[in-house]
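Residue-level listing of the chains:
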Amino acid sequence: MQTISFFLTDTIAALLGLAGIVHLAGPRPLRRLLAEWGYGRGFNWVAGSFAVAAAVFLAVPQLRIWGVALAGFMLFGTTIELLEHRKYLYAFSNILVLGVLPLALIAG
């Protein structure tokens, strides 16, 4: 069980880090989508910074609980937003990650 939770923690951290880097890079389609959904200019920087911070926190065992908390809040918020905009498949993937996120706490 310990090995599985380490693998899940590393995978979640990598996915959050990748998502954060994409948001920080701010490709035009992402910025356009965020603007259509009512988010202000530069919100991609905020979302990207939080995602990268959550990834780093998850990767450091002493900070893992903060990574789980930050990732949980972020994933919950994005899930609500995705459901509101009828992006059910994307919301489902967030819900799956939210379901396994607590396993990261037993990896440390």
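Residues numbered from 1 in each chain as written. Predicted model: local features only at pLDDT ≥ 70, side-chain atom pairs only at ≥ 80, totals over all residues. Heavy atoms only, no water.

Let's talk about the overall build of the protein chain
- Within the protein chain one finds five helices and zero strands.
- Going from N to C terminus, the protein chain has its helices and strands arranged as α-α-α-α-α.
- Projected onto its principal axes, the C-alpha coordinates of the protein chain cover approximately 40 × 25 × 15 Å.
- In the protein chain, buried positions account for 31% of the 108 residues.
- For the protein chain, long-range pairs separated by at least 24 residues make up 59% of all intrachain contacts whose partners lie at least 6 apart in sequence.
- Side chains of the protein chain give 7 positive and 4 negative charges; the mean places of these two sets differ by 8 Å. (Helix = DSSP H or I, 4+ residues; strand = E, 2+ residues; numbered from the N terminus. Buried < 20%, exposed > 50% of the residue type's maximum accessible area, 1.4 Å probe, protein only. Contact = heavy atoms within 4.5 Å. Lys, Arg positive; Asp, Glu negative; His and termini not counted. Charge placed at Lys NZ, Arg CZ, Asp CG, Glu CD.)

Observations regarding the packing of helix 3 (residues 43-59) against helix 4 (residues 64-84)
- Contact geometry for helix 3 and helix 4: axes closest at 7 Å, N-to-C directions at 145 degrees. For the pair helix 3 and helix 4, the crossing hand works out as left-handed. Note on element contacts: helix 4 touches helix 3 through Arg64, Trp66, Gly67, Val68, Leu70, Ala71 and Met74, opposite Phe50, Ala51, Ala53, Ala54, Phe57, Leu58 and Ala59.
- Along the lines of polarity and charge, the residues of the contact of helix 3 with helix 4 split into 12 nonpolar, one polar and one charged. (Axes fitted to C-alpha atoms, helices over the stretch in contact; angles between N-to-C directions. Left-handed = near helix turned anticlockwise from the far one by under 90°. Nonpolar A, V, L, I, M, F, W, Y, C, P; charged D, E, K, R; others polar.)

Here we look at helix 4
- Between its terminal C-alpha atoms helix 4 stretches 30 Å, which fits the 30 Å expected from 21 residues at 1.5 Å a residue.
- Within helix 4, the full set of buried residues consists of Arg64, Gly67, Val68, Leu70, Ala71, Gly72, Leu75, Thr79, Glu81 and Leu82.
- Where helix 4 terminates, the next one or two residues include Arg86, which has phi positive at roughly 60 degrees. (Expected span 1.5 Å × (residues − 1).)

Considerations on the nonpolar core
- In terms of nonpolar packing, the biggest core is built from 12 residues, these being Ile12, Ala13, Leu16, Ala54, Ala55, Leu58, Val68, Leu70, Ala71, Leu75, Leu101 and Ala104.
- Residue assignment for this core shows that the elements contributing at least two residues are helix 1 (2-25), helix 3 and helix 4.
- Here this core takes four residues from helix 4, the largest share from any one element. (Core = buried A, V, L, I, M, F, W, Y, C linked by side-chain atoms within 4.5 Å.)

A few points about the packing of aromatic side chains
- Scanning the model with the defined rule gives one aromatic pair in all.
- Note on Tyr39 and Phe43: the rings are 4.4 Å apart at their centroids and 25 degrees apart in plane angle, and the pair reads as stacked.
- Phe43 gets classed as partly exposed once you look at its relative accessible area, which sits at 29%. (Phe/Tyr/Trp six-rings, centres within 6.5 Å; stacked < 30°, edge-to-face > 60°.)

The values reported here are purely geometric and, on their own, carry no functional implication.
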